[in-house]
Amino acid sequence: MVALQPVLSILTNSSSSSYAQAVIYPIIANDSLASLATSRPQEWKFSMTKINVRNNSLCKPVLAPLSCRPSNSLHTNFSTNLPTEMGLFSLLRKIGFNERETQLLLDRNPSLNFAPFESIQTRILSLESLGIVEFSLSSLIAKHPDILTAKEIDGLLRFISDDLEGKIEPSLLFHLLDSAEPKFLVDFERKLRLLLHHGIPPEKLAHILDNVNLNKAIWLKSVEDMKRTLTFMNQFSTGIDIIVRRPSILNYNLETQLIPRIGVIKELSGGDLNATGSVLLKLPAILTYSAEHLQSHVEFLKSFAGLENNQIFKIVLVYPNVFSASRKRKLRPRIEFLKQCGLTSMDIFKFLIKAPLFLSLSFENLNMKLGFLVKIGYVHRTREMAIAIGAVTRTSYENLQKVIGLFLKYFSCVDIVAMSKKHPQVLQYNHSSLEEKMNYLVEEMGRDSEEVLAFPAFLGYKLNSRIKHRYEVKKEITGEEMSLNKLLSVSTERFSQQKKNMEKKNLAHVNHTST
């Protein structure tokens, strides 16, 4: 016998004194005693105390004779000549209820006594086949007894079993059944099919259900409302991908939330649905902001930075998190800094396209980098400083220190500043990669490090596929040195053609010499 105290606690909300007055053991009709006496002891372990013969008139047949298939956890071995009154009582005990819990469940839900036994047993077997077993099953029934009789559940269980082929995990199914009243399950199967029909991959359905507010997105939203939301999102080529990335979008009201919020982005894009969808896919969380919040950021960038709609949209397309930055604490002081450095509205636009993180980095991060740049020779509030700070926003402060430390092995601070003004990206390259390239330049190629000052873009090319490859090819064919600029800056196609031309020239020279 399984005694599950948690189930008992779910079944009763009364005090211990009042609970003691409950009927503890089943009342068995007098005319059933003979049958019970002939049954096997191992099949019946009920106490025969507190049998009230005077209540025979209240004891009605509960169930029809059993005829069912076995289950792994519900080992049903009832004999068809057992008392039908005891079938449901014994069935519930076999799935984890003890005598007290079973009697209390039946007392508080008398409709169970009149439901067809085979339908209840089939429902239990269906739940078990979908992974709702043992304590999960008993606790679900204890909390929601109508789960055994509600007709609304049949279609849902068949759909999950047959159409979804086990793609819904038992834990999620338990959560769904535990969170909804049977009346909410009436259209649940239709809503699931609607999600699939509009493009949600079957393997992503569980992910969707597990990451929405079920009340807002499913239970309290009509099929028609869900259909309108899905149709609206499908106007974007990435609409379903957006929902899969952030299922909570289904929580939102279409008219008062989704349409106004997306409308701000769409207007910025000039009505370009594909571009709008690209922004939403890159940062679906942008839809957590109200339309008023989004519009206020747009208006600020127009009025304070002097940007146009199309410019703002291009910045948003690169960096949607611009809407996450506080206008007061981040946007205003940082755009003001760029203005003090002498940048025009067009300059600010180009700057933010290349270095949008400038708007979001912490004050401490930017302050340390600014101080370091001033320390090596940059002048505060100059265009060069603005360009340099834009470059270092894309690297950590620690990497910046190591990069400058590496350069100081070869160059002076004046040289470093001059080089970085010519090619600001050198300030953001990975220090380990830079060290490998400088070592190869000096030790393997035998070049002077000063060549980097003349052509700092050398440090941006890949070491193996570009620098080593081209150097070795040129060395083998011509045996001559050439400038780093000529070696690396020509296109791959032109370099290949030059290689072929030199090979032909060398071959002709060899043939001429041999003759």
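Residues numbered from 1 in each chain as written. Predicted model: local features only at pLDDT ≥ 70, side-chain atom pairs only at ≥ 80, totals over all residues. Heavy atoms only, no water.

(A) Spatial organisation of the overall build of the protein chain. On a plain count of helices and strands, the protein chain comes out with 30 helices and 0 strands. Counting all 515 residues of the protein chain, 46% fall into the buried class. A fraction of 73% describes how many contacts in the protein chain between residues 6 or more apart in sequence connect residues 24 or more apart. Accessible surface, the protein chain: about 26300 Å² in total, of which carbon and sulfur atoms supply 51%. (Helix = DSSP H or I, 4+ residues; strand = E, 2+ residues; numbered from the N terminus. Buried < 20%, exposed > 50% of the residue type's maximum accessible area, 1.4 Å probe, protein only. Contact = heavy atoms within 4.5 Å. Areas by Shrake-Rupley, 256 points an atom, 1.4 Å probe, with all protein chains shown as cover.)

(B) View of the packing of helix 7 (residues 117-129) against helix 9 (residues 152-163). One can describe the packing of helix 7 onto helix 9 by two numbers: an axis separation of 11 Å at closest approach and a directional angle of 35°. When the axes of helix 7 and helix 9 are compared, the crossing they make is left-handed. For the pair formed by helix 7 and helix 9, the contact residues are Arg123, Ser126 and Leu127 on the first element and Ile153, Asp154 and Leu157 on the second. Looking at side-chain class alone, the contact of helix 7 with helix 9 contains 3 nonpolar, 1 polar and 2 charged residues. (Axes fitted to C-alpha atoms, helices over the stretch in contact; angles between N-to-C directions. Left-handed = near helix turned anticlockwise from the far one by under 90°. Nonpolar A, V, L, I, M, F, W, Y, C, P; charged D, E, K, R; others polar.)

(C) Expanded view of helix 21 (residues 345-354). Within helix 21, burial applies to Asp347, Ile348, Phe349, Phe351 and Leu352. Those residues of helix 21 that are buried are in contact with helix 19 (309-318), helix 20 (327-340) and helix 23 (383-392).

(D) Region of the structure containing the packing of helix 16 (residues 254-268) against helix 19. Where helix 16 contacts helix 19, the axes come no closer than 8 Å and their chain directions differ by 115°. The pairing of helix 16 with helix 19 is recorded here as roughly perpendicular in orientation. Taking contact as the criterion, the partners of Ile265, Glu267 and Leu268 in helix 16 are, on helix 19, Asn309, Asn310, Ile312 and Phe313. (Parallel < 35°, antiparallel > 145°, perpendicular 65-115°, else oblique.)

(E) Highlighting the pattern of salt bridges. Following the criterion strictly, the structure yields 11 salt bridges and no others. Of the charged contacts, one joins Arg123 and Asp154 as a salt bridge, the two residues approaching to 2.5 Å between their closest N and O atoms. Of this pair, Arg123 sits in helix 7 while Asp154 is found in helix 9, placing the two residues 31 residues apart along the sequence. Arg123 gets classed as buried once you look at its relative accessible area, which sits at 4%. (Salt bridge = Lys/Arg side-chain N within 4 Å of Asp/Glu carboxyl O.)

(F) Seen up close, a negative patch on the surface. A grouping of Glu443, Glu444, Glu472 and Glu476 is seen on the molecular surface, where their side chains present a negatively charged patch. Inspection of the secondary structure puts Glu476 in helix 28 (residues 463-477). (Patch = residues over 30% accessible without salt bridge, like charges linked within 9 Å, V, L, I, M, F, W, Y side chains within 5 Å. Lys, Arg positive; Asp, Glu negative; His and termini not counted. Charge placed at Lys NZ, Arg CZ, Asp CG, Glu CD.)

(G) Region of the structure containing the packing of aromatic side chains. Summed over all chains, the structure comprises 10 aromatic pairs. Seen from their ring centres, Tyr410 and Phe411 are 6.0 Å apart, and the 45° between their planes marks the pair as tilted. Judged by relative accessible area, Tyr410 falls into the partly exposed class, the value being 25%. Here the aromatic residues Phe337, Phe351 and Phe358 are joined through ring pairs into a cluster of three or more. (Phe/Tyr/Trp six-rings, centres within 6.5 Å; stacked < 30°, edge-to-face > 60°.)

(H) Local environment of empty space enclosed by the protein. Using the criterion set out here, one finds 2 cavities of 30 Å³ or more in the structure. Approximately 30 Å³ is the volume attributed to the second largest cavity. Every residue along the wall of the second largest cavity is listed here: Ala217, Lys221, Met226, Thr229, Leu230 and Leu250. Of the residues forming the lining of the second largest cavity, the biggest block, 3 residues, is contributed by helix 14 (residues 223-233). When grouped by side-chain class, the residues that make up the lining of the second largest cavity number 4 nonpolar, 1 polar and 1 charged. (1 Å grid on protein atoms, 1.4 Å probe; cavity = no way out; pocket = protein on both sides within 12 Å on 5 of 7 lines; lining within 4 Å. Points joined across faces, edges and corners; volume = space filled by probe spheres on them.)

(I) Quick look at the side chain of Ser269. Secondary-structure assignment places Ser269 in the loop between helix 16 and helix 17 (273-282). Separated by 3.0 Å, the side chains of Ser269 and Thr276 make a polar contact. Those residues within four positions of Ser269 in sequence are excluded, and the remaining contacts are Thr276 and Phe313. (Polar contact = N/O pair within 3.5 Å; in protein donor to acceptor, adjacent residues only side chain to side chain.)

(J) How the structure looks around unusual backbone geometry. With phi around 50°, Glu134 is a residue other than glycine that occupies positive phi space. Structurally, Glu134 is set in helix 8 (residues 134-143). Positive phi, normally seen in glycine, also occurs at Arg381, with a value near 60°.

(K) Representation of helix 7. For helix 7, spanning 13 residues, the distance from its first C-alpha to its last is 18 Å, which sits close to the expected 18 Å at 1.5 Å a residue. Regarding helix 7, the residues found buried are Phe117, Ile120, Gln121, Arg123, Ile124, Leu125, Leu127 and Glu128. The positive-phi residue at the C-terminal boundary of helix 7 is Gly131, with phi of around 100°. (Expected span 1.5 Å × (residues − 1).)

(L) Region of the structure containing the confidence of the model for the protein chain. Averaged over the protein chain, the pLDDT score is 83; the fraction of residues at 70 or greater is 79%. Long-range and interchain partners of residues 1-85, a stretch whose pLDDT sits below 50, account for 130 contacts in this model, where long-range means more than four residues apart. (pLDDT = per-residue confidence, 0-100.)

(M) Looking closely at the environment of Ala180. The residue Ala180 is located in the loop between helix 10 (170-179) and helix 11 (188-197) in this model. In sequence terms Ala180 and Trp219 are 39 residues apart; their C-alpha atoms lie 7.3 Å from each other. Each residue touching Ala180, except ones within four places of it in the same chain, is listed here: Leu185 and Trp219.

(N) Representation of the environment of His175. Summarising the element assignment, His175 is placed in helix 10. On the accessibility criterion, His175 (37% relative accessible area) is partly exposed. Sequence separation between His175 and Leu214 is 39 residues; the distance between their C-alpha atoms is 9.9 Å.

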